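Here's the letter readout for the chains.
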Amino acid sequence: MMIAQEAKSAAVVINAGARLGSAGPALAVDTLRSAGLPISAVHQILSGAELAGTLDRVVAEGHDLVVVGGGDGTVSFAAGRLAGTQIVLGVLPLGTANDLARTLEIPADLPGAIAALAGGKVVDIDMGRVNGQPFLNVASVGLSVGVTETLSPRLKRYLGPVAYAVAAVRAYARHQPFRARLEFPDGDHETLELENLLQVAVGNGRHYGGGNAVSPTAGIDDHLLDVYAIPGAPLREHIRIARMLKNGSFVERSGVHHLTCRRVRLVTEPPMPVNLDGEIATATPADFTIERNAVHVVVPHGSTSARFDG
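Predicted, not measured: the structure shown is a model, and the values here were computed from it.

A.B. asks: What should I look at first to understand the pairing of strand β4 (residues 88-93) in this one?
C.D. replies: Successive residues of a regular strand alternate their side chains across the two faces of the sheet. Within β4, 6 of the 6 residues are buried, leaving the element largely enclosed by the surrounding structure. Burial along β4 is two-sided: Val88, Gly90 and Leu92 facing one way and Leu89, Val91 and Pro93 facing the other are all buried. Looking at chain direction, strand β3 (residues 65-70) and β4 are connected through 6 bridges and run parallel. Its bridge partner lying in β4, Leu65 is registered against Val88. Read from β3 through helix α3 (residues 72-82) to β4, the crossover connection turns out right-handed. The pairing of β4 with strand β17 (residues 286-299) spans 2 bridges and is classified as parallel. Within β17, the residue paired with Val88 across the bridge is His296.

So this is what it looks like as structure tokens:
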């Protein structure tokens with residue numbers, strides 16, 4: 001099993017537009033070098049629009065370790081670019097939610113994350129795709145899109161993870177129920193026709209939304225997508241469900257649909273935008289797939305979130 005310090009050449013890409021991305025990127029790079037990582041290129045971007053070109057340049061430079069600092073959307077996009085290569089991804093959690101780091105048991109503080117990166121091990125994790133776009137945590141339609149649209153950079157900067165709860169309350173007040181059909185191309189489940197929905201989500205990882213769990217059994221290395229659909233209900237029932245989001249046990253509530261699969265197609269009435277790890281990047285109809293062991297990533301040496309299958 002490879003360890004991160006075996007890398008011969010490493011590049012750092014930091015999204016300065018992330019919540020914590022503007023706070024001392026030079027110090028982060030110096031700390032990475034002091035920890036023994038062979039940093040030979042540093043790229044600081046100011047927006048997601050610059051990310052694709054920067055990653056293309058980094059890949060072309062031939063590094064075997066790419067350290068990405070940013071939120072979940074930035075890291076997921078980078079993972080999509082590195083998927084299927086032998087390049088290892090390192091994660092510096094500089095966003096608001098940092099759910100991938102939580103799933104992989106990477107410390108939330110920057111010094112802890114750098115120490116874990118320097119002394120960590122390399123595992124391979126699954127990656128989800130929806131209409132070809134990558135996601136590592138969760139892709140969803142419904143309430144979560146309203147939350148993302150409500151989450152302004154100012155709200156995230158001042159409130160941190162609490163901003164998700166504030167945005168959820170605001171989005172809930174404006175939510176319009178919708179209809180959806182879930183089709184399973186592999187024939188492992190019957191087609192589901194659902195009405196009066198609050199949210200449909202397809203999870204690849206374990207955590208999303210600032211620490212919520214997709215289900216009690218969800219994992220980023222189980223080679224399965226976790227699908228759930230929450231129906232419309234009286235406010236008191238949604239409050240009960242909200243209290244169960246942290247451990248994922250809400251999927252056991254009566255009326256909540258939950259299943260696992262490797263492929264699913266989601267059709268909604270009306271067509272709706274899809275939220276991928278905090279970024280609205282596609283729309284329904286949406287085809288979801290999972291790519292097994294697609295991304296090599298550094299995790300803390302004691303992490304049990306994933307293993308290296310080669």
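A.B. asks: Explain the side chain of His63 to me, please; I cannot follow it from the model alone.
C.D. replies: Assignment of secondary structure puts His63 in the loop between α2 (51-60) and β3. Looking at His63, its side chain comes within polar contact range of the side chain of Ser9, at 2.7 Å. A polar atom in the side chain of His63 sits 3.5 Å from the side chain of Ser40. Not counting residues up to four positions away in its chain, the partners in contact with His63 are Ser9, Ala10, Ala11, Ser40, Ala41, Val58 and Ile87.

A.B. asks: When you look at the environment of Pro270 in this model, what are you seeing that I'm missing?
C.D. replies: By the secondary structure assignment, Pro270 is in the loop between β14 (263-269) and β15 (273-276). For Pro270, a relative accessible area of 52% corresponds to the exposed category. With 91 residues separating them in the primary sequence, Pro270 and Arg179 have C-alpha atoms 7.5 Å apart.

Parameters and conventions
- Residues numbered from 1 in each chain as written.
- Predicted model: local features only at pLDDT ≥ 70, side-chain atom pairs only at ≥ 80, totals over all residues.
- Heavy atoms only, no water.
- Buried < 20%, exposed > 50% of the residue type's maximum accessible area, 1.4 Å probe, protein only.
- Helix = DSSP H or I, 4+ residues; strand = E, 2+ residues; numbered from the N terminus.
- Pairing = 2+ DSSP bridges.
- Right-handed = clockwise from strand over helix to strand, strands pointing away.
- Polar contact = N/O pair within 3.5 Å; in protein donor to acceptor, adjacent residues only side chain to side chain.
- Contact = heavy atoms within 4.5 Å.

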